[in-house]
Amino acid sequence: MNTARPMRPELSRTLGLVFFPAYDWGICEDHPEREERLLYTQDQFREEGLLDLPGISEYRPLLAGMEDISRTHFCPPGFESQVETPHLASAGSAITAGRLVLDGRCDKAFALTRPPGHHAMKIVQGGRGFCAVNIEAVMIDRLRRDFGVRRVAVVDTDCHHGDGTQDIYWHDPDTLFISIHQDGRTLYPGTGFPGELGGPRARGSTINIPLPPNTGDEGFLYAMNAVVRPILEQWKPELLVNSAGQDNHFTDPITNMRLSARGYARMVAALDPQIAVLEGGYSIQGALPYVNLAVALALAGMDYSHVVEPLWKEELCATDAKSMNYIRSLSETVLGMFARPEAVKHDYTHANGQWTCERDVYYDTDGIRERRHETLTDCSHCRGLLRIRSRTDLRPWSLCVEIPAGACPACRSRGHDAFTAARKQGMRVELRDVDEDLYQRA
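Just so it is clear, the model here is predicted, and its values are computed rather than measured.

To continue, consider helix α7 (residues 217–235). If you check α7, its first and last C-alpha atoms are 26 Å apart, about what 19 residues at 1.5 Å a residue would give, namely 27 Å. The largest bend in α7 is about 30 degrees, located at Met224. When α7 is considered as a whole, its buried residues turn out to be Asp217, Gly219, Phe220, Leu221, Ala223, Met224, Val227, Val228, Ile231, Leu232 and Trp235. Downstream of α7 by a residue or two, Lys236 has a phi angle that is positive, lying close to 55 degrees.

This is the structure in structure tokens:
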């Protein structure tokens, strides 16, 4: 790595690093999401002597279990058909990072792992956007079980909208999900607009900031300081997680943004998460090792001003005046919607004590189209029983039943009755009871 001067060893906090390159997992040899993404980062860290510094330590990941996956996901085809060992190790890397912080072993933790996960939704019928298991969500749900954490905020800084994480926590008022990403009108997955604010009983728990293409350092930092930080300060999470996609870099081959390595570090320093989990980032040699290094230094409270990627020029990371004006206006819109989410129309219909909506999901990796019919009980005693009927062009209707955290006795009873009735009808059915940490399948 070419740097302007040697790295300074002053640390203001301890940092745990968890590496998992997934040598035995890949889509194809020349796919953007391949093992070299992390091998070059490991080389950079060793070259810079990062792991020789007191206060920075590397940890081996634990292996997540299928019970961890089923705590977060429903999978009508069966988990064994979708989840491979590398997915368990990747999710386990995130869990390890979370435990390092909540056990008090490290002030901060960074899981540098693959495969990524933030496009994996509550229901998994196949692969989406290189993702099959939502590793951050699996981590959060495990930490909630083990440590009793309730209010969690996830800030997703990947260039692609974190639609999977949004979907998983759409009805959860205890999880704040914020995504800063390239405008979905110009990039996969085509979602993540300001009006997407959470389900009927969790309005305002989802925040989307879709930035225009070619946004550079100034634009990202403005959104972070003008929108994200004020919302977090008001919401007051017990745990703050950065879903750290590094594909906003100006050299990334599959996106259209202009963030630099030091811009990433400034953004992470402003956010100050306890845990960061790597998501995207596909400029494998020219950007990702530098961005990951800069982010690690920022997490450790160290000087990152010397980190300079090979092709960096100040003008390449600029945000033009028109885009800045748009971002300022967008920021006001997002803050206004967060302040009054009930004033923003949503897609649910209310009748007979139920909220209902229809959704279509495309699993681009496997070419599968899914149709969902979602029903949420409008309960005055809890956040409501969630039932999702799902079918694809390959599989018949199945039913997924979620009894939420803090469920009242009536909703818990309704959930078990729905499971029993569907099973008697011969329908494939899954049930998850959050408080009981129970998963059943028939």
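We are not done yet, so read on.
Here we take up the sheet that holds strand β11 (residues 368–377). In space, the seven strands of this open sheet follow the order β9-β10-β11-β12-β13-β14-β15, with mixed pairing throughout. A single partner strand is all that each edge strand has here, and the edge strands are β9 (349–351) and β15 (438–441). For this sheet, the mean angle separating the axes of adjacent strands, direction not counted, is 20 degrees. The pairing of β11 with strand β12 (residues 386–392) spans seven bridges and is antiparallel. Bridge pairing links His373 to Arg389 in β12.

Let us look at the environment of Arg229. Its place among the elements puts Arg229 in helix α7. In this structure, the C-alpha to C-alpha distance between Arg229 and Ala270, residues 41 residues apart in sequence, is 7.8 Å. Those residues within four positions of Arg229 in sequence are excluded, and the remaining contacts are Met224, Leu240, Ala270 and Leu271.

Turning our attention to the environment of Pro409. Structurally, Pro409 can be placed in helix α11 (residues 409–424). Put simply, Pro409 and Asp217 are 192 residues apart on the chain and 50 Å apart in space, counted from C-alpha to C-alpha.

Confidence in the prediction for the protein averages 93 pLDDT; 94% of positions are at 70 or higher. Across residues 1–8 the pLDDT falls below 50, and counting only partners more than four positions away or on other chains, this stretch makes 23 contacts in the model.

Once the domains are mapped, the protein shows domain 1 (15–342) and domain 2 (349–441). For domain 1 and domain 2, the distance between their C-alpha centroids amounts to 28 Å. At the interface, 30 residues of domain 1 touch 34 residues of domain 2. Counting the surface lost from both domain 1 and domain 2, the interface buries some 2600 Å², and carbon and sulfur atoms represent 51% of this. When the buried surface of domain 1 facing domain 2 is broken down by residue, Phe74, Gln125 and Arg201 rank first, second and third, together holding 28% of it. At the surface where domain 1 touches domain 2, the tally comes to eight salt bridges. One salt bridge in this structure joins Arg383 and Asp172, with 3.0 Å as the shortest N-O distance. At the junction of domain 1 and domain 2, the tally comes to 28 residue pairs in polar contact (both at pLDDT 80 or more). At the level of secondary structure, the elements contributing two or more residues to the side of domain 1 that touches domain 2 comprise α2 (66–72) and α3 (79–82). Broken down by element, the residue count for the side of domain 1 that touches domain 2 peaks at three residues, all from α2.

Below, the discussion takes up the packing of aromatic side chains. The relative placement of two aromatic rings is captured by the distance of their centres and the angle of their planes. Enumeration over the complete set of coordinates arrives at three aromatic pairs. Taken together, a centroid distance of 5.6 Å and an interplanar angle of 75 degrees make the contact between Phe19 and Phe45 edge-to-face. Of this pair, Phe19 sits in strand β1 (residues 15–20) while Phe45 sits in helix α1 (residues 36–48), placing them 26 residues apart in sequence. Sitting over the ring of Trp235, Arg151 keeps its end group 3.8 Å from the ring centre. A cation over a ring is seen here: Arg432 above Phe74, with NZ or CZ 4.2 Å from the ring centre.

With 19 residues, helix α10 (residues 321–339) ought to run about 27 Å at 1.5 Å a step, and its terminal C-alpha atoms sit 27 Å apart, in line with that. All of the buried residues along α10 are Ser323, Met324, Ile327, Leu330, Ser331, Val334, Met337 and Phe338. With its buried residues spanning 140 degrees around the axis, α10 presents them on a single face. For α10, the exposed residues set more than 90 degrees away from the buried face come down to Ala321, Lys322, Glu332 and Ala339. Buried residues belonging to α10 abut β6 (206–211) and α7. Residue Asp320 occupies the N-cap position of α10, its side-chain oxygen lying 3.1 Å from the main-chain nitrogen of Lys322.

The eight strands lie next to each other as β2-β1-β3-β8-β7-β4-β5-β6, forming an open sheet whose pairing is parallel. Bordering the open sheet on either side are β2 (56–59) and β6, each of which pairs with just one other strand. Averaged over all neighbouring strand pairs, the angle between strand axes comes to 15 degrees, with direction disregarded. By the bridge criterion, four bridges tie strand β7 (residues 239–244) to strand β8 (residues 275–278) in an arrangement that is parallel. Residue pairing across strands places Ser243 opposite Val277, the latter belonging to β8. Sheet strands in contact with α7 are β4 (152–156), β5 (175–182), β6 and β7, and its direction is about 175 degrees off that of β5.

This part is about the packing of α1 against helix α9 (residues 288–299). Axis separation between α1 and α9 bottoms out at 8 Å; the angle between their running directions is 55 degrees. Between α1 and α9, the crossing angle belongs to the class labelled oblique. Remark: the crossing between α1 and α9 carries right-handed chirality. Of the residues in α9, those touching α1 at Arg37, Tyr40, Thr41, Gln44, Phe45 and Glu48 are Leu288, Pro289, Tyr290, Asn292, Leu293 and Ala296.

In this section: the nonpolar core. With 63 residues, the main nonpolar core has Leu17, Phe110 and Ile209 as its most contacted residues. Here this core gets 10 residues from one element, more than from any other, and that element is α9. What Ile209 contacts, discounting residues up to four positions off in sequence, is Ile178, Ser179, Ile180, His181, Ala223, Val227, Val228, Leu330 and Val334. Core analysis: the next-biggest nonpolar cluster, separate from the first, contains 34 residues, Val83, Ile135, Leu143 and Leu239 among them.

Cut-offs used in this document
- Residues numbered from 1 in each chain as written.
- Predicted model: local features only at pLDDT ≥ 70, side-chain atom pairs only at ≥ 80, totals over all residues.
- Heavy atoms only, no water.
- Helix = DSSP H or I, 4+ residues; strand = E, 2+ residues; numbered from the N terminus.
- Expected span 1.5 Å × (residues − 1).
- Bend = angle between axes of the 7 residues up to and from the residue.
- Buried < 20%, exposed > 50% of the residue type's maximum accessible area, 1.4 Å probe, protein only.
- Pairing = 2+ DSSP bridges.
- Axes fitted to C-alpha atoms, helices over the stretch in contact; angles between N-to-C directions.
- Contact = heavy atoms within 4.5 Å.
- pLDDT = per-residue confidence, 0-100.
- Domains from an automatic or database assignment.
- Buried area = accessible area lost by both parts, 1.4 Å probe.
- Salt bridge = Lys/Arg side-chain N within 4 Å of Asp/Glu carboxyl O.
- Polar contact = N/O pair within 3.5 Å; in protein donor to acceptor, adjacent residues only side chain to side chain.
- Phe/Tyr/Trp six-rings, centres within 6.5 Å; stacked < 30°, edge-to-face > 60°.
- Lys NZ or Arg CZ within 6 Å of the ring centre and 35° of its normal.
- Arc of directions from axis to C-beta.
- Parallel < 35°, antiparallel > 145°, perpendicular 65-115°, else oblique.
- Left-handed = near helix turned anticlockwise from the far one by under 90°.
- Core = buried A, V, L, I, M, F, W, Y, C linked by side-chain atoms within 4.5 Å.

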